[in-house]
Amino acid sequence: MGKTIAIFNQKGGVGKTTTNINLAACLALKGKKVLILDIDPQGNTTSGVGISKKGLNRTTYEILVDDSITPEEAIMHTSVENMDIIPASVQLAGAEIELVQLEGREKRLKKAIDKIKSNYDYIFIDCPPSLGLLTINSLTAVDSVLIPIQCEFYALEGVSQLMSTIELVKKSLNPNLQIQGVILSMFDGRTNLSIQVVEEVKKYFREKVYTTVIPRNVRLAEAPSYGMPITEYDPKSAGAAAYHEFAEEFLDLEAEE
């Protein structure tokens, strides 16, 4: 069975989508079969791999609200070999309200993912930066949570709230939920602030923090607007090297488990 991982931080702009796309692409290049699932109404993961959100009629939204649609019907191939996506649509913004009335509303994503789990080595879910039913569905459906934290002043703000959300889901809906790890992004080695943030995060999360740190990199920021992972947009960039290194570390730690 594949492993399902939610990429989650209720703070926006921390590199969730960048990590989702680029970690998945690097793992796919290493021969892993990977699915990325976009459950964020903004749909940045979808457009970030070059898929237009207009006119899609099989998306995460349909999987959540329509029992007659199977997750297989919503899967699309990306330009990266071994990497598929279930795209998002703008209708997800209204899904929160629709889900309230549905039976088993917190477990609808889990029900869908369980049907395709065995087809992949890894399934990554890009969560919205909020604590509504879409995020609860994601955290209920997965084995673990990968937390991106940016190396900026307010990095640790909201972390305790994030942890209590994970604990709440663990207690009531998903007792086996684990922290996969914490990846530090937007690191600038020239500033004391970035270095201090790394130290603070390591103090808080201890051995859960990955050694690899993702640098602040212009090419990484540009890649989504071209609808490509960094591995395609600029494979020789510092950003691409960092995500390859992260993928290696990710797999090494997985092998130890």
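That block above? That's the structure.
It should be emphasised that the depicted structure is a prediction, and the values quoted were computed from it without experimental measurement.

Peer 1: Tell me about helix α5 (residues 92-100), and name the residues and values.
Peer 2: Taken together, the buried positions of α5 are Leu92, Ala95 and Leu99. Within α5, the buried residues cover an arc of 25° as seen down the axis, which keeps them to one side. Turned more than 90 degrees away from the buried face of α5, the exposed residues are Ala93 and Ile97.

Peer 1: I'd like a rundown of the sheet that holds strand β3 (residues 76-77), residues and numbers included.
Peer 2: Pairing in this open sheet of eight strands is mixed, and the strands run β3-β4-β2-β5-β1-β6-β7-β8 from one edge to the other. Edge positions in the open sheet fall to β3 and β8 (209-215), since each of these has one partner strand only. Here three bridges tie strand β1 (residues 3-7) to strand β6 (residues 144-150), and the two strands are oriented parallel to one another. Residue pairing in the sheet places isoleucine 7 in a bridge with leucine 146 of β6. The strands touched by helix α8 (residues 159-172) within the sheet are β6 and β7 (178-187), with β6 carrying the most contacts at an inclination of about 175°.

Peer 1: Go over the pairing of strand β5 (residues 122-126), please, and point to the residues and values.
Peer 2: The buried fraction of β5 amounts to five of the five residues, a majority that puts the element mostly inside the structure. Burial along β5 is two-sided: Tyr122, Phe124 and Asp126 facing one way and Ile123 and Ile125 facing the other are all buried. Bridging between β1 and β5 involves five bridges; their strand directions are parallel. Note that in β5 the partner of isoleucine 7 across the bridge is aspartate 126. When strand β2 (residues 34-38) meets β5, the two strands line up parallel, connected through five bridges. Opposite valine 34, over in β5, you have tyrosine 122 as the bridge partner.

Peer 1: Let's hear about the environment of methionine 83: which residues, and what values?
Peer 2: Structurally, the position occupied by methionine 83 is in strand β4 (residues 83-86). The spacing of methionine 83 and glycine 31 is 52 residues in sequence and 9.7 Å in space, taken between C-alpha atoms. Those residues in contact with methionine 83 that sit more than four places away from it in its chain are Ile21, Ala24, Ala25, Ala28, Val34, Ile36, Val49, His77, Thr78 and Pro229.

Peer 1: Outline the side chain of serine 138, supporting the account with residue identities and numerical values.
Peer 2: Along the chain, serine 138 falls in helix α7 (residues 133-141). According to the relative accessible area criterion, serine 138 is buried, its value standing at 0%.

Peer 1: An account of the packing of α5 against α7 is needed here, citing residue identities and associated values.
Peer 2: Two quantities define a packed helix pair, namely the angle between the helix axes and the distance between the axes. Look at α5 against α7: their axes get within 9 Å of each other, and the N-to-C directions meet at 80°. In this view, α5 runs roughly perpendicular relative to α7, as classed from their interaxial angle. Between α5 and α7, the contacting residues are Leu92, Ala95, Glu96, Leu99 and Val100 on the first element and Leu133, Leu134 and Asn137 on the second. Here the contact of α5 with α7 is composed, by residue class, of six nonpolar, one polar and one charged.

Peer 1: I'd like to hear about the pairing of β8, residue by residue, with values.
Peer 2: For β7 and β8, the ladder comprises three bridges, and the chain directions are parallel. Note that in β8 the partner of valine 182 across the bridge is valine 209. The handedness of the β7 to β8 crossover, carried by helix α9 (residues 192-205), is right-handed.

Peer 1: So what's going on with the packing of aromatic side chains? Residues and values would help.
Peer 2: Under the definition given, this model contains nine aromatic pairs. Relative to tyrosine 154, the ring of phenylalanine 153 has its centre 5.0 Å away and its plane inclined at 75°; by these criteria the two rings are edge-to-face. The class for tyrosine 154 is partly exposed, based on a relative accessible area of 48%. An aromatic cluster is defined as three or more aromatic residues linked by ring pairs; in this entry it consists of Tyr122, Phe124, Tyr210, Tyr243, Phe246 and Phe250.

Peer 1: Can you break down the pattern of salt bridges residue by residue, with the values?
Peer 2: In the structure shown here, the tally under the stated rule is 13 salt bridges. For arginine 216, the salt bridge identified is with glutamate 152, shortest N-O distance 2.3 Å. Taken together, the positions of arginine 216 in the loop between β8 and α10 (218-222) and glutamate 152 in the loop between β6 and α8 put the pair 64 residues apart, joining distant regions of the chain. In this structure arginine 216 comes out as partly exposed when scored by relative accessible area, which is 45%. Among the residues examined, glutamate 152 registers a relative accessible area of 27% and is labelled partly exposed. One connected set of salt bridges, linked through shared partners, spans Arg219, Glu222 and Asp234.

Rules of the game
Residues numbered from 1 in each chain as written. Predicted model: local features only at pLDDT ≥ 70, side-chain atom pairs only at ≥ 80, totals over all residues. Heavy atoms only, no water. Buried < 20%, exposed > 50% of the residue type's maximum accessible area, 1.4 Å probe, protein only. Helix = DSSP H or I, 4+ residues; strand = E, 2+ residues; numbered from the N terminus. Arc of directions from axis to C-beta. Pairing = 2+ DSSP bridges. Contact = heavy atoms within 4.5 Å. Axes fitted to C-alpha atoms, helices over the stretch in contact; angles between N-to-C directions. Parallel < 35°, antiparallel > 145°, perpendicular 65-115°, else oblique. Nonpolar A, V, L, I, M, F, W, Y, C, P; charged D, E, K, R; others polar. Right-handed = clockwise from strand over helix to strand, strands pointing away. Phe/Tyr/Trp six-rings, centres within 6.5 Å; stacked < 30°, edge-to-face > 60°. Salt bridge = Lys/Arg side-chain N within 4 Å of Asp/Glu carboxyl O.

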